[in-house]
Structures are given as C-alpha cells and as structure tokens.
Amino acid sequence: MAIQWFPGHMHLTRKAIGERIKDIDVVIEMLDARLPGSSANPMLAELIKGKPALKVLSKQDLADPARTALWLAHYNALPGVKAIGLDTSMTSPAKALVDACQQLAPNRGGMVKPMRVLICGIPNVGKSTLINTLKGKRAAKTGDEAGVTKLEQRITLADDFYLYDTPGVLWPRIIVAQSGYNLAASGAIGVNAFDEEEVALELLNYLIPHYPQALHARYKVNEVPSHSDEQLLEAIGRQRGAVQSGGRVNTAKAADIVIHDFRSGALGRLTLETPQEFGQWLAEGKQADAERAVRKEGTEKNKPKKKTRP
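Residues numbered from 1 in each chain as written. Predicted model: local features only at pLDDT ≥ 70, side-chain atom pairs only at ≥ 80, totals over all residues. Heavy atoms only, no water.

Visitor: Would you take a moment to explain the nonpolar core for this structure?
Guide: Nonpolar side chains in soluble globular proteins tend to end up buried together. Grouped together as the largest cluster of nonpolar side chains are 85 residues, with contacts concentrated most on Ile28, Leu54, Leu97, Leu207 and Leu215. Sorting elements by how many residues they give to this core places helix α8 (residues 196-210) first, with eight residues. Here isoleucine 28 is in contact with Leu54, Val56, Leu97, Cys101, Val117, Leu118, Ile119, Cys120 and Leu163, once residues within four sequence places are set aside. (Core = buried A, V, L, I, M, F, W, Y, C linked by side-chain atoms within 4.5 Å. Buried < 20%, exposed > 50% of the residue type's maximum accessible area, 1.4 Å probe, protein only. Helix = DSSP H or I, 4+ residues; strand = E, 2+ residues; numbered from the N terminus. Contact = heavy atoms within 4.5 Å.)

Visitor: Explain the layout of surface pockets here, please?
Guide: Rolling a probe over the atoms, with the probe sized like a water molecule, indicates the empty space that remains. One number sums up the size of the second largest pocket: a volume of about 490 Å³. Every residue lining the second largest pocket is counted, 29 residues in all, and those nearest its centre are Ala40, Asn41, Pro42, Ala45 and Lys55. If you list the elements that add at least two residues to the lining of the second largest pocket, you get β1 (26-32), α3 (42-47), β2 (53-58), α4 (65-76) and α12 (275-302). The element best represented in the lining of the second largest pocket is α12, accounting for five residues. (1 Å grid on protein atoms, 1.4 Å probe; cavity = no way out; pocket = protein on both sides within 12 Å on 5 of 7 lines; lining within 4 Å. Points joined across faces, edges and corners; volume = space filled by probe spheres on them.)

Visitor: Honestly, the pattern of salt bridges in this entry has me stumped. Any pointers?
Guide: What the rule picks out here adds up to nine salt bridges. A salt bridge links aspartate 25 to arginine 116, with the nearest nitrogen and oxygen atoms 3.2 Å apart. With aspartate 25 in the loop between α1 (8-20) and β1 and arginine 116 in strand β4 (residues 115-121), this residue pair connects regions lying 91 residues apart in the sequence. The class of aspartate 25 is buried, set by a relative accessible area of 9%. The salt bridge involving lysine 127 is made with aspartate 165; its shortest N-O contact spans 2.6 Å. Placement of the pair is lysine 127 in helix α6 (residues 127-135) and aspartate 165 in strand β6 (residues 161-165), with a sequence separation of 38 residues. According to the relative accessible area criterion, lysine 127 is buried, its value standing at 5%. Here aspartate 165 falls in the buried class, since its relative accessible area comes to 0%. (Salt bridge = Lys/Arg side-chain N within 4 Å of Asp/Glu carboxyl O.)

Visitor: Honestly, the sheet that holds strand β5 (residues 153-158) in this entry has me stumped. Any pointers?
Guide: The strands making up a sheet associate through backbone hydrogen bonding, with each pair oriented either parallel or antiparallel. The strand order across the open sheet built from six strands is β3-β2-β1-β4-β6-β5, with neighbouring strands paired in mixed fashion. Unpaired on one side and paired on the other, β3 (81-85) and β5 mark the two borders of the sheet. In this sheet, adjacent strand axes meet at a mean angle of 25 degrees when their direction is disregarded. Where β1 and β4 come together, five bridges link them in parallel fashion. Opposite methionine 30, over in β4, you have glycine 121 as the bridge partner. With respect to the sheet, α4 is in contact with β1, β2 and β3, its orientation differing from that of β3 by roughly 160 degrees. (Pairing = 2+ DSSP bridges. Axes fitted to C-alpha atoms, helices over the stretch in contact; angles between N-to-C directions.)

Visitor: Please explain the side chain of glutamate 277 as it appears in this structure.
Guide: One can find glutamate 277 in helix α12. Comment: no salt bridge for buried glutamate 277; closest opposite-charge side chain is arginine 67, at 4.1 Å. For glutamate 277, the side chain forms a polar contact with the main-chain nitrogen of threonine 274, separated by 3.0 Å. (Lys, Arg positive; Asp, Glu negative; His and termini not counted. Polar contact = N/O pair within 3.5 Å; in protein donor to acceptor, adjacent residues only side chain to side chain.)

Visitor: For this particular structure, what's the right way to read empty space enclosed by the protein?
Guide: Going through the model one piece at a time under the given rule, you end up with one cavity of 30 Å³ or more. Of the pockets and cavities examined, the largest cavity occupies roughly 30 Å³. Along its surface, the largest cavity is lined by Ile28, Leu97, Ile119, Leu134, Leu157, Phe161 and Leu163. Of the residues contributing to the lining of the largest cavity, the split by class is seven nonpolar, no polar and no charged. (Nonpolar A, V, L, I, M, F, W, Y, C, P; charged D, E, K, R; others polar.)

Visitor: How do you make sense of the packing of aromatic side chains when you look at a structure like this?
Guide: Pairs of aromatic rings are described using the distance from one ring centre to the other and the angle between the two planes. According to the stated counting rule, one finds one aromatic pair in the structure shown. Positioned over the ring face of tyrosine 162 is arginine 154, at 4.2 Å from the centre of the ring. (Phe/Tyr/Trp six-rings, centres within 6.5 Å; stacked < 30°, edge-to-face > 60°. Lys NZ or Arg CZ within 6 Å of the ring centre and 35° of its normal.)

Visitor: Looking at this model, I keep getting lost on the side chain of serine 186. Mind explaining?
Guide: If you trace the backbone, serine 186 turns up in helix α7 (residues 177-186). When sequence neighbours within four positions are dropped, the list of residues in contact with serine 186 reads Asp32, Arg34, Leu35, Asn124, Phe262 and Arg263.

Visitor: Would you mind going over the environment of glycine 126 with me for this structure?
Guide: Structurally, glycine 126 can be placed in the loop between β4 and α6. Residue classification places glycine 126 among the partly exposed positions, given a relative accessible area of 22%. The spacing of glycine 126 and leucine 31 is 95 residues in sequence and 8.6 Å in space, taken between C-alpha atoms.

Visitor: I would appreciate a short explanation of α6 in the present structure.
Guide: Given 3.6 residues to a turn, an α-helix orients residues that are three or four positions apart in the same direction. Inspection of α6 places Lys127, Ser128, Leu130, Ile131, Asn132 and Leu134 among the buried residues, and these make up the whole buried set. Turning to α6, the residues buried within the fold contact β1, α5 (93-104), β4, β5 and β6.

Visitor: Is there a simple way to think about the packing of α7 against α8 in this case?
Guide: When two helices pack together, their arrangement is captured by the angle between the axes and the distance separating the axes. Relative to each other, α7 and α8 sit at 105 degrees, their axes nearing to 9 Å. Looking at the two axes, α7 sits roughly perpendicular to α8. For the pair formed by α7 and α8, the contact residues are Gln178, Tyr181, Ala184 and Ala185 on the first element and Glu198, Val199, Glu202 and Leu203 on the second. When the residues that make up the contact of α7 with α8 are grouped by side-chain class, the tally is five nonpolar, one polar and two charged. (Parallel < 35°, antiparallel > 145°, perpendicular 65-115°, else oblique.)

Structure follows, in structure tokens:
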C-alpha cells in the first residue's frame, strides 16, 4: 500500500513558500528526530533555491540518541546546512536557533538588515510547540492532529529577528514506501489516509530486529526476534487484553496500542531509520518512480486516438 496525503491547503503553502523565499535569509526545516529522512521534504530543496538551511531535529528526547548523532553529523557535513537537536526539555531554544541562523547568515542582523527566517516542516513535527516556547505564550495553535496550522504568520522574536511560520506541508507524492509508513506511525499523516493495522505491522517489522529489548520491556513478550510482525501484534493484543469473544485477538485495537506507544515514547527512545538506510530507500524509490513514469508514458502512447467527428 502506498500512503499519500496532500490536502488542498498544502498546495497553497507550497505557493506561499515560493513567493516568500526571495526575501528570506535562512530556512529552518523542522524534522522529526525519530525519522529525519522521511520527515525531510524534498520539495523544499527546490523551493528554497540554495538558501542557507538549518535542520532542527525535534523530539530528540523520543529518539535513539546514537542515531540522532548520526543524523546530525550527516546534515552538518552538507554545504550551506547546519543541524541541531531540540526537545521540550530545553528551556531556552531561542538562543540556539538565533546563534545557528547567525552562523549561516553572518551578514544579517541589526535594524538595517534584520534577520528574516522561514520555518517550515511536515505536519505534527512540533513546529507550533517550538514557536510557543520561543514566544513564551501560545502564539500558534498546537495539537496532536496533522495539519493544525493553516495560515502563514510572522512572529517577531527580537527587534531584528523575524520568523515566518507556515502550515505543515508533506511531499506532493511520497515515492519512498517506508517513509509513508514512518510518517503515518509518527502522526504526520491524517488518520483517514492509512490503515492502522498495516502501519503497526510495518512498525513492528522494523522494531523486531532493531529494538527487540524495547518490545520485550514494554509488552513482556519473550523471544521477540523469533516472532513475525503478525505474530507479535497478536501476542501484544493478548498481553493487553485486546481479545474478542471466542478468544480472537482484536488486531485493530492491538495496532492502536502499538502506534500510541510509539508516538508517546512509551516504547522508549526509538529511531526508525539511519542516514544509510534512508539513502538506500530513496534510491530505490527514485528508480521505481522512474520506471513507473516510463510505463505510464508507454501506456499513453499506446492509447487509441479518439476519432474526430467530420
């Protein structure tokens, strides 16, 4: 199953970013530290036109710290890019952001040349929560639901530092299948766009070989690596009392438990991809997408032409 979710307001956001970017000095892209590659938007690379970029890995308190270090090193090695990690425990993130932006655009600042920063990211990545922390009040709407922010807004963090907030925006078309599942598991995609049981199975399929101890600690299932994703989901359902009449496991309820435990951090600090893994997924996705385009072109060519009426 290919997961896709691109509501109408996201088209407007893409257009707004394209118009705003010419006046911007630095672009901050918020990423989910549990899935940095999947939560990065390749569409932004085209829109920002080589502007200096600050990658902010949010929710790092929920992510595997060793893997967060790998991702920070990966992004910091890219030209014109700086990466930092943030989480809700940081009491003064404003200084870290301002300092990082000034390093990327050292010639901006002061009343004559104020720093103009655009902040963007996928839905439910923690952008609005960060802005509220920066302002010290509820400057932006927040929620656990994807797509809460719908309009661009300007926030003045200092007399010479303007932050432009935009609604969360996803890829117009997700070409990396695993990214679709990871985004759905994280809450970045509207609930009506995916099947929870399928997403939970994909999540378990990844966690079984990479984080078996976390699964055992949470669900008290022994010999986790010997289970398939379907077997583990059923075992979790039995452990958590998701059993219907006749002794059958309610796998939909079990799936909801697994996804909730991942999102809340109850499963521990987990990261669903490394830079190397995501690079491989992206290469495979691009190849599959190119092959699909060739097939589509061939189908269009072979379509019988409509007869024109005399």
